[in-house]
Amino acid sequence: MESILKNRPALTIEINKVAEVAGYLWQNGWAERNGGNITVNITNIMDDAIKALPAISEVKPIGITLQHLKNTYFYCKGTGKRMRDLARQPMENGSVIKILDDCAHYVIIADNPVNPTSELPSHLAVHNHLIEIGSPYKATVHTHPIELVAMSHNKKFLQKDVLTNILWSMIPETKAFCPLGLGIVPYELPGSSKLAEETLKQLDEYDVVLWEKHGVFAKGLDVMDAFDQIDVLSKSAKIYLDAKCMGFEPDGMTEEQMKEMSIAFHLPK
């Protein structure tokens, strides 16, 4: 079967971004085995020919009803698929799905009948909320950044905005490029509805959420935007931990210096 990407440059660009980010996640050591997930809302670049494509799977339940997702389209990493493989062959390790009229079921339409991530309900719940509030964000990324997960094992870092302020203070770029900071979700069972609910609450205030002892979940304008925010936060976490390994508590930028940053760069916090 001919790939859905053929003669569709806009769609190809978005899928290539996903493949590029998947490679970065693997290279950074954030995507062991089949760890991590990526979903992208590609509805705005679907043409009439795509919309007319027949399903290549049976009708599948989402598990929840998401009223704002009627007739939307998503690229999703496949369940059990490895990021390192998705980086090389995104359409063999992920698929394009269409949400049906009832907002509770979906079908796979291309390229291969690769079942989407087992965490599809929680990812789609986030996309449903983004559409509901009129957000321009189209992508979600879940991954396991080593230093951020390590810091989540310290309870003092899990109080509201404690870790945000530490990470902001390590290097000016972190506050500039992740200006909303880092939300925190205490440990919940991976893939559970409770984890999804708590993540949604945090995403009203933050673009990136740290799941205690697990990983991070980020939303972005596209998949690269979501990755970039995780990347800068992870860099700050590494700087902090490297300083601790050298035997000292890093000074960090002062509150006055961070306030100066906010004013100079017109940051929201």
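Our subject is the structure listed above.
Anyway, here's the lowdown on the structure attached to this text. Just so it is clear, the model here is predicted, and its values are computed rather than measured.

1. Quick look at the pairing of strand β9 (residues 215-220)
- In terms of residue burial, β9 counts as a mostly covered element, since six of its six residues are buried.
- Alternating residues of β9 divide into Gly215, Phe217 and Lys219 and Val216, Ala218 and Gly220, and every residue in both groups is buried.
- As paired strands, strand β6 (residues 139-143) and β9 are joined by five bridges and run antiparallel to one another. Bridged to Ala139 within β9 is Gly220.
- Connecting the antiparallel pair strand β8 (residues 208-211) and β9 is a turn made up of three residues, with Lys213 showing a positive phi of about 60°.

2. Focus: the nonpolar core
- Leu25 and Ile38 are the most contacted members of the largest nonpolar core, which has 50 residues in total.
- Non-local contacts of Ile38, meaning those with residues more than four positions away in its chain, are made with Val18, Val21, Ala22, Leu25, Tyr75, Cys76, Lys77, Met83, Thr140, Val141 and Val223.
- Formed by 12 residues, the second largest nonpolar core is a distinct cluster that contains Leu66, Tyr106, Leu120 and Ala125.

3. A few points about the pattern of salt bridges
- Taken as a whole and judged by the stated rule, the model has 15 salt bridges.
- The salt bridge partner of Asp47 is Arg8, with a shortest N-O separation of 2.7 Å. Residue Asp47 is located in the loop between β1 (37-41) and α2 (48-51), and its partner Arg8 is located in the segment before α1 (9-27); the two are separated by 39 residues in the primary sequence.
- Its relative accessible area of 29% is what places Asp47 among the partly exposed residues.
- Notably, a salt bridge pairs Asp85 with Arg88, separated by 2.6 Å at the nearest N-O pair. Highlighted residues: Asp85 and Arg88, both in helix α3 (residues 83-88), separated by three residues, approximately one helical turn.
- The network of salt bridges with shared partners includes Glu14, Lys17 and Asp222.

4. Here's the deal with the packing of helix α4 (residues 120-132) against helix α8 (residues 193-203)
- Put simply, α4 and α8 touch, their axes get as near as 10 Å, and they point 30° apart. Taken as axis vectors, α4 and α8 run roughly parallel relative to one another. Between α4 and α8 lies a crossing of right-handed hand. Taken together, the residues of α8 that come into contact with α4 (itself represented by Ser122, Ala125, Val126 and His129) are Ala196, Leu200 and Leu203.
- By residue class, the composition of the contact of α4 with α8 is five nonpolar, two polar and no charged.

5. Details of the sheet that holds strand β3 (residues 73-77)
- Here we have nine strands laid out as an open sheet, ordered β2-β5-β4-β3-β1-β6-β9-β8-β7, and mixed in their pairing. Bordering the open sheet on either side are β2 (60-61) and β7 (182-185), each of which pairs with just one other strand.
- Bridging between β3 and strand β4 (residues 94-99) involves five bridges; their strand directions are antiparallel. Bridge assignment links Tyr75 to a residue of β4, and that residue is Val96.
- On top of the sheet, α4 reaches β1, β3, β4, β5 (105-110), β6 and β9; it is set at about 35° to β1, its chief contact.

Rules of the game
- Residues numbered from 1 in each chain as written.
- Predicted model: local features only at pLDDT ≥ 70, side-chain atom pairs only at ≥ 80, totals over all residues.
- Heavy atoms only, no water.
- Buried < 20%, exposed > 50% of the residue type's maximum accessible area, 1.4 Å probe, protein only.
- Helix = DSSP H or I, 4+ residues; strand = E, 2+ residues; numbered from the N terminus.
- Pairing = 2+ DSSP bridges.
- Core = buried A, V, L, I, M, F, W, Y, C linked by side-chain atoms within 4.5 Å.
- Contact = heavy atoms within 4.5 Å.
- Salt bridge = Lys/Arg side-chain N within 4 Å of Asp/Glu carboxyl O.
- Axes fitted to C-alpha atoms, helices over the stretch in contact; angles between N-to-C directions.
- Parallel < 35°, antiparallel > 145°, perpendicular 65-115°, else oblique.
- Left-handed = near helix turned anticlockwise from the far one by under 90°.
- Nonpolar A, V, L, I, M, F, W, Y, C, P; charged D, E, K, R; others polar.

Just geometry here; none of it tells us what the structure is for.
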